2 protein chains.
Amino acid sequence: MKITAKGEYGVRAMTTLALEYRAGPIPLREIARREGISHRFLEQIFLPLRRAGLITSVRGAKGGYVLAKAPDEIKIGDIVRTLEGPIAPVECVAEGNEESCKRSPACLTRGIWERLRDTVSEVLDDITLADVITN
Amino acid sequence: MKITAKGEYGVRAMTTLALEYRAGPIPLREIARREGISHRFLEQIFLPLRRAGLITSVRGAKGGYVLAKAPDEIKIGDIVRTLEGPIAPVECVAEGNEESCKRSPACLTRGIWERLRDTVSEVLDDITLADVITN
DNA sequence: AGAAAACCGAGTGAATTAATCGGGATTTAA
DNA sequence: TTAAATCCCGATTAATTCACTCGGTTTTCT
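The structure presented is a predicted model; accordingly, all values stated were derived computationally and were not measured.

Scoring rules and cut-offs
- Residues numbered from 1 in each chain as written.
- Chains lettered and ligands numbered in written order.
- Predicted model: local features only at pLDDT ≥ 70, side-chain atom pairs only at ≥ 80, totals over all residues.
- Heavy atoms only, no water.
- Contact = heavy atoms within 4.5 Å.
- Buried area = accessible area lost by both parts, 1.4 Å probe.
- Salt bridge = Lys/Arg side-chain N within 4 Å of Asp/Glu carboxyl O.
- Polar contact = N/O pair within 3.5 Å; in protein donor to acceptor, adjacent residues only side chain to side chain.
- Helix = DSSP H or I, 4+ residues; strand = E, 2+ residues; numbered from the N terminus.
- Nonpolar A, V, L, I, M, F, W, Y, C, P; charged D, E, K, R; others polar.
- Buried < 20%, exposed > 50% of the residue type's maximum accessible area, 1.4 Å probe, protein only.
- Axes fitted to C-alpha atoms, helices over the stretch in contact; angles between N-to-C directions.
- Parallel < 35°, antiparallel > 145°, perpendicular 65-115°, else oblique.

Draft legend 1. Main features of the interface of chain A and chain B. Residue-level contacts link 31 residues of chain A with 30 residues of chain B. Contact between chain A and chain B buries roughly 3,200 Å² in total, counting both sides, with carbon and sulfur atoms accounting for 69%. In terms of surface lost to chain B, no three residues of chain A exceed A:Met1, A:Lys2 and A:Leu108, which account for 22% of the buried area on that side. Joining chain A to chain B, the criterion identifies four salt bridges. Between A:Glu91 and B:Lys2 there is a salt bridge, and its shortest N-O distance comes to 3.7 Å. At the junction of chain A and chain B, the tally comes to six residue pairs in polar contact (both at pLDDT 80 or more). Counting only elements with at least two residues in the side of chain A that touches chain B, the list comes to α1 (5–19), α4 (76–84), α5 (110–126) and α6 (129–133) of chain A. Considering every element that reaches the side of chain A that touches chain B, the biggest residue donor is α5(A), with nine residues. For the side of chain A that touches chain B, the per-class residue count stands at 19 nonpolar, three polar and nine charged.

Right, here's the structure in full:
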């Protein structure tokens, strides 16, 4: 039950952007430096976050990244799903996956993973960046 | 946020044992066949489960495995922890890990992972094998 | 023009995962 | 007493994923 470095770094970086919300674009290198993350790796993380509409980029000199929405409108679940795909303790109960595995409906254990998936989703969707920065 | 095949297979196999509780020892091959799992792989899974005191083995012909306790005394959390180690969405908040990472207590995101860890723990410890087999 | 920054896909080494393998020990039944 | 069934256990391997790295392009500011 681990989230990957992408997810963890993504949440950390987004938290940094939330702290600097309204301070103008922050360069990726600056965020990487503060958080002790390779900026090359962070680049890979910001690309999908931008495509998902969670951050906005400003190109060129004096450019950088800004949250696309207010911190209280960005849920941790949004970040995690963008970087790690649908929340699913096991593949066969992935969010948004309508079809079930061949073992279903006989599968007695399916209910465990569905309940776990839903609980994890609820927790991550209940926390916004605003919550995180207000400690 | 995935659990591994070991954890998934382990829970499935333990559920099978729960269904056959009081039916005498069930051979591992039989469980593997029913669940469509390689019996060689399942062997690897049963070893730690036995060492953790969740199942009991009977050696020799007519041998097999039995739950060491009644189904309502075995929590899914017990199985998952045995096979996958302490529950922890990120390493620095692993269950039973008293020391924090060097970023703490400044780390704003730590609370997210602690809350997630506790929630996952609660869900998995709230479900017993008895719950699973009574659908 | 030059510097600073975002953009983008491809590649890579290490680690982890998911098995497979080979053989040994123990018990039961014929 | 021998054969068959079964658990026991460590070693090895194949596949996959992870955590980065790299080389280069485009955009914008000064």
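Moving on from the model shown.
Draft legend 2. Expanded view of unusual backbone geometry. In this structure, A:Arg22 takes a positive phi of about 80 degrees despite not being glycine. Tracing the chain through its elements places A:Arg22 in the loop between α1 and α2 (28–35).

Draft legend 3. Seen up close, the side chain of A:Thr16. All names here are of chain A. Locating Thr16 in the fold gives a position in helix α1. Residue Thr16 is classed as buried on the basis of its relative accessible area of 3%. Sequence-distant contacts of Thr16, that is, excluding residues within four places in its chain, are made with Ile31, Arg34 and Glu35.

Draft legend 4. Summary view of the packing of helix α4 (residues 76–84) of chain B against helix α5 (residues 110–126) of chain B. Residues and elements named next belong to chain B. Interaxial distance between α4 and α5 falls to 6 Å at its minimum, and their mutual angle equals 120 degrees. Judged by the angle between their axes, α4 and α5 are oblique. Counting all contacts with α4, which are made through Ile76, Gly77, Asp78, Val80 and Arg81, the residues of α5 involved are Ser121, Leu124 and Asp125.

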